[in-house]
Amino acid sequence: MEWAFSFSGILDTLGSMAETDWSKVLGWPGYRVYRHEINEQAKTLKLWVRRKRGNRKLICSGCGRKLSDAYDSYEREVRDLSCFEFRTTVVIELYRVRCPDCGVKTEKVPQLPSKAPFSKRFEEAVGLACESAAVRRVARELIKGKHWLLLTRWVHLNTHKKRQLNQLFALNRRVMKAYLLKESLDRLWNYTYEGAMLRYLQSWIDQLRWQRLKPMEKLARTLLNHLEGILNYCKTKVPMGVVEAVNGNIKALLRRGRGYRDLNYLLLKAQRLAATKTEFVAFQKAT
Ligand SMILES: [Zn+2]
């Protein structure tokens, strides 16, 4: 009994040592890794981090005021720099504070500069890659003939295609943001309750504010203009899924246009088709 007890104690020590090492590798000041998960096949690494014990000063993201008490906590997942071949995401435990001036606000964390799902240094690395004119020229060459990749849902891509797309994203951060926004919008069609759907749409539109993606902003406006049709769809689901239909439309669009040189223009056309068709399908179903 005693032996078993001390043995598990050694295992605990080993376990915590591993997390200490991960904390060093990650190197987020003031944060420690308390759990990690490695998927060798998918080549992914996931690290769960929370504040180190002495690190208790919370800063209101609204006004910068220092606060000592947390209102509540939640988790946020962001992409960080890759660790060797492993695509790395960090799940960070964040606090909300009750600020006397701003009300309940998320704390400010230096590693997370924006609402985008990326860490500061990941954004910086991508930004640097995009700054070089030579790289940008390469990116333009790359992007040729890759439009269809951008229009395929991530889950439907094989590893090779995913890698291609990742290379493209590494070179062009705006394309990546647009893609991630497109992917997250897919979730909109899963909602059955109007309230929940509206809330999701609102948060999706909120994300746009930080991205400076004009075509996406236009899409948001179009979605809002067709809100009634979209909410109808929420009540009466089409079995096949509108997303597939929309994807088909986009593919047809690409065939017809024999590929578009200008990504913005393509997105614009796709979104127009998407919104009008969605409303049409939902309307058809309702009548
Ligand atoms: Zn405040």
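The coordinates are above.
Below or above, wherever it landed, is the structure these notes cover. Remember, predicted model here, so these are calculated numbers, not experimental data. (Residues numbered from 1 in each chain as written. Predicted model: local features only at pLDDT ≥ 70, side-chain atom pairs only at ≥ 80, totals over all residues. Heavy atoms only, no water.)

## Some words on the coordination of the zinc ion
Note on the zinc ion: its protein donors are Cys60 (SG), Cys63 (SG), Cys99 (SG) and Cys102 (SG). The metal-donor distances range over 2.3 Å. With four donor atoms in place around the zinc ion and angles of 105 to 113 degrees between them, the coordination shape is tetrahedral. For the zinc ion, all donor residues lie on one chain, and their spacing in sequence is C-x2-C-x35-C-x2-C. With Cys60 in the loop between β3 (58-59) and β4 (66-67) and Cys99 in strand β6 (residues 86-99), the pair connects residues that are 39 residues apart, well separated along the chain. Summarising the burial analysis for this pair, Cys60 and Cys99 share the class buried. (Donors = N, O, S within 2.8 Å, 3.2 Å for Na, K, Ca; no water. Tetrahedral: all angles 85-135°; square planar, octahedral: opposite > 155°, others 65-115°. Helix = DSSP H or I, 4+ residues; strand = E, 2+ residues; numbered from the N terminus. Buried < 20%, exposed > 50% of the residue type's maximum accessible area, 1.4 Å probe, protein only.)

## Observations regarding the nonpolar core
The tendency in soluble globular proteins is for nonpolar side chains to be buried as a group. If you look at the biggest cluster of nonpolar residues, it comprises 20 residues, and the most contacted ones within it are Leu188, Met197, Trp204, Met216 and Leu223. For this core, the elements supplying multiple residues, two or more each, are α6 (173-186), α7 (194-208), α8 (214-225) and α9 (227-235). With six residues, α7 is the largest single contributor of residues to this core. Ignoring any residue separated from it by four or fewer positions in sequence, one finds Leu223 in contact with Leu185, Leu201, Trp204 and Ile230. (Core = buried A, V, L, I, M, F, W, Y, C linked by side-chain atoms within 4.5 Å. Contact = heavy atoms within 4.5 Å.)

## Remarks on the packing of α6 against α8
Axis separation between α6 and α8 bottoms out at 11 Å; the angle between their running directions is 20 degrees. Considering the angle they form, α6 stands roughly parallel to α8. Where α6 approaches α8, its residues Ala178, Leu181, Lys182 and Leu185 are matched on the opposing element by Met216, Leu219 and Leu223. Tallied by class, residues from the contact of α6 with α8 come to six nonpolar, no polar and one charged. (Axes fitted to C-alpha atoms, helices over the stretch in contact; angles between N-to-C directions. Parallel < 35°, antiparallel > 145°, perpendicular 65-115°, else oblique. Nonpolar A, V, L, I, M, F, W, Y, C, P; charged D, E, K, R; others polar.)

## Looking at the pattern of salt bridges
Side chains bearing opposite charge may pair, as long as their charged atoms lie close to each other. Throughout the structure, instances matching the rule amount to seven salt bridges. Linking Asp72 and Arg96 is a salt bridge whose minimum nitrogen-to-oxygen distance equals 2.9 Å. A residue pair is termed long-range when its members are at least 10 positions apart, and Asp72 in strand β5 (residues 72-83) and Arg96 in strand β6 qualify at 24 residues. Using a relative accessible area of 28% as the deciding quantity, one classes Asp72 as partly exposed. (Salt bridge = Lys/Arg side-chain N within 4 Å of Asp/Glu carboxyl O.)

All quantities given are derived from atomic positions and should not be read as evidence of function.
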